[in-house]
Amino acid sequence: MRRVGFAKAGRVLAGLALATILGGAADRPAPLDVEHWRKAFARPDHAPTPPGNPASPDKVALGAKLFDDTRLSGSGDVACATCHQADLSFSDGIDRHPGLDGQPLERRTPPLWNLAWALSFFWDGRAESLETQAIEPIENTREMAGDLDRSLQALSADPQMRKAFASAFPEDPAVSRANMAKALAAFQRTLVSPETRFDRWVKGDDAALEPDEIAGLSLFVGKAACVACHKGWRFTDDAFHDIGLPGDDKGRGPILGIAAADHAFKTPSLRERVWSAPYMHDGSLASFEDVVDHYADRVIRRPTLSADLPQHLDLSATERAQLVAFLNTLSSNDPPRPASIPPKAMAFGTDAEVVATSTVSQKDRRFTPGAVVLTVGEALRILNDDIRVHNVRVDGPDKSFNSDAQNPGDTVTIGFDRAGHYDVICGIHPEMRLSVNVESAQKEK
Ligand code: HEC
Ligand code: HEC
């Protein structure tokens, strides 16, 4: 709690300082294309749910109970909520939480807002869904050191829990590992960050933001180029980047076995971050001021550095304060409570226009076209005409393909010898999605 009070006091002080600095009209940023950015940052109407785990109020209620339940841990005194605290944006206010051995964990506890839209989980993206993610902290010897079978036994000995599982999973009421994971995932998908002052501006209320906050937004989407990675209403591209922080943690690289992805971590959402200091995967930066100073002054230039960072970023004291003022508008004034937003079952890559071509471009971190149709036996050529290293992957039940590091200029060729639907992604930029329909040659006309 102490930390939160501190963060808020800092915010008021920053506001006062800005008012003084802004007396002059120096450093006026380029005019903002208001209509464009209002569209780009608009909030969605629905929260996606995977077809295999539809949401229901009972399932969410069970997940919320489990999230707070210390019986999930081996020691019996650690719950998910011990580290993911509701009043701290589901983080814990410290750089790295002590593990059960008393030593700090490797990484900071990330806030859990808006994970319904996330494409991968953990700082290094090693989990593919909230369902697969949920079990890991329980079994992790340093986090909860749980013996899942024992936890499940303890829960099934509790008549109230048995009842809660039965209402959440009427078709299959078992107090099982799979149901526990599904309930925890369904609960976490309801953690949608609420609207803030920034959203009022997005909806058309010009007066919702102060002039210095608008100036910060102009920098964010303009000169400072933050929006290259912190994009959309969640302010993340769901991709992995090396932003030049010191430290030995290799992040995404070892997960993919690709050195070009060393030091790359998942771009965090910037929603409700006032409540979740300190920042970064290692909790090494205490405040938004420190974060902005990092991008302006302290980026370590190394071969793995993200091509999406500006080559050079010169920010005056006023501009830094304006960026911080803007970041503050993405957080609530009081400890945020989840917004209520209806769930909707969503499938992968359904909205791209299907094109009959066998050659796909990757320029600007996008597969173009986003959906192709091929005939069995035809090969798909994916050309890296981008400035970034990519990692083309197909992880399907019928086909598995991994290009390893695909450098700019490299072409990857994938053969398809069976009809079906395949999803192609990039392991470093999982927001890149290509849907491939392979039709059999003797298809009836
Ligand atoms: C001891 C502290 C601790 C406990 C207890 C804990 N977590 Fe975490 N959680 C972490 C840390 C640290 C990470 C980041 C680990 C990493 O990225 O390598 C994390 C990551 C996550 C993520 C990934 C978020 C993202 O942005 O990708 C989710 C989801 C999550 N935890 C949910 C849970 C759930 C559900 C439980 C209970 C079953 C739980 N956590 C228990 C500390 C904890
Ligand atoms: C190249 C992509 C990229 C750009 C450009 C970028 N960021 Fe980030 N940002 C990231 C990644 C990745 C992280 C997490 C890095 C880590 O923990 O190692 C991050 C972390 C942050 C965090 C900490 C969030 C948290 O919860 O820990 C803030 C705040 C932030 N960025 C703000 C900004 C601002 C402001 C700018 C523009 C000056 C900016 N970013 C530019 C990718 C980017």
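Thresholds applied
- Residues numbered from 1 in each chain as written.
- Chains lettered and ligands numbered in written order.
- Predicted model: local features only at pLDDT ≥ 70, side-chain atom pairs only at ≥ 80, totals over all residues.
- Heavy atoms only, no water.
- Core = buried A, V, L, I, M, F, W, Y, C linked by side-chain atoms within 4.5 Å.
- Buried < 20%, exposed > 50% of the residue type's maximum accessible area, 1.4 Å probe, protein only.
- Contact = heavy atoms within 4.5 Å.
- Phe/Tyr/Trp six-rings, centres within 6.5 Å; stacked < 30°, edge-to-face > 60°.
- Helix = DSSP H or I, 4+ residues; strand = E, 2+ residues; numbered from the N terminus.
- Lys NZ or Arg CZ within 6 Å of the ring centre and 35° of its normal.
- Donors = N, O, S within 2.8 Å, 3.2 Å for Na, K, Ca; no water.
- Tetrahedral: all angles 85-135°; square planar, octahedral: opposite > 155°, others 65-115°.
- Pairing = 2+ DSSP bridges.
- Axes fitted to C-alpha atoms, helices over the stretch in contact; angles between N-to-C directions.
- Near = heavy atom within 4 Å.
- Polar contact = N/O pair within 3.5 Å; in protein donor to acceptor, adjacent residues only side chain to side chain.
- Nonpolar A, V, L, I, M, F, W, Y, C, P; charged D, E, K, R; others polar.

A. Inspection of the nonpolar core at higher detail. Counting 39 residues, the largest nonpolar core has Phe41, Phe198 and Phe220 as its most contacted members. Look past the residues within four positions of Phe41 in its chain and what remains in contact with it is Phe198, Val202, Leu217, Val221, Val227, Gly232, Trp233 and Phe235. Counting 37 residues, the second-largest nonpolar core is a separate cluster that includes Leu112, Phe121, Ala134 and Ala181.

B. Geometry of the packing of aromatic side chains. Applying the stated criterion to the full structure yields 16 aromatic pairs. Ring plane angle 75 degrees and centroid distance 5.8 Å describe the contact between Phe220 and Phe235, whose orientation is recorded as edge-to-face. Residue Phe220 is found in helix α10 (residues 211-221), and its partner Phe235 is found in the loop between α10 and β2 (240-241); the two are separated by 15 residues along the sequence. Exposure remark for Phe220: the relative accessible area of 1% places this residue in the buried category. Arranged with centres 5.0 Å apart and planes meeting at 20 degrees, the rings of Tyr279 and Phe288 form a pair that is stacked. Summarising the burial analysis for this pair, Tyr279 and Phe288 share the class buried. It is Arg126 that lies over the ring of Phe122; its NZ or CZ is 3.9 Å from the centre.

C. Structural view of the coordination of the iron atom of ligand 2. Taken together, the protein donors to the iron atom of ligand 2 comprise His230 (NE2) and Tyr295 (OH), at separations of 1.9 to 2.1 Å. Note that the iron atom of ligand 2 binds 6 donor atoms; their angles at the metal cover 85 to 179 degrees, and the shape is octahedral. Separated by 65 residues along the polypeptide, His230 in the loop between α10 and β2 and Tyr295 in helix α12 (residues 288-298) bring together distant segments of the chain.

D. Looking closely at the sheet that holds strand β11 (residues 411-415). Strand order across the open sheet formed by 3 strands is β6-β8-β11, with mixed pairing between neighbours. Looking at which strands have only one partner, the edges of the open sheet turn out to be β6 (359-361) and β11. Between one strand axis and the next, the sheet turns through 20 degrees on average, direction left out of account. Relative to strand β8 (residues 379-383), β6 runs parallel, the two being bridged by 3 bridges. By the bridge assignment for β8, Thr359 is matched with Arg381.

E. Representation of the coordination of the iron atom of ligand 1 within the structure. The protein supplies the iron atom of ligand 1 with one donor atom, His84 (NE2), which lies at 2.1 Å. Summarising the element assignment, His84 is placed in the loop between α4 (80-83) and α5 (130-139).

F. Spatial organisation of the site of ligand 2. Among the 23 residues in the neighbourhood of ligand 2, the closest are listed as Arg108, Cys226, Cys229, His230 and Tyr295. A distance of 2.9 Å separates a nitrogen atom of ligand 2 from a polar atom in the side chain of His230. A distance of 2.8 Å separates an oxygen atom of ligand 2 from a polar atom in the backbone of Met280. Along the lines of polarity and charge, the residues of the shell around ligand 2 split into 15 nonpolar, 5 polar and 3 charged.

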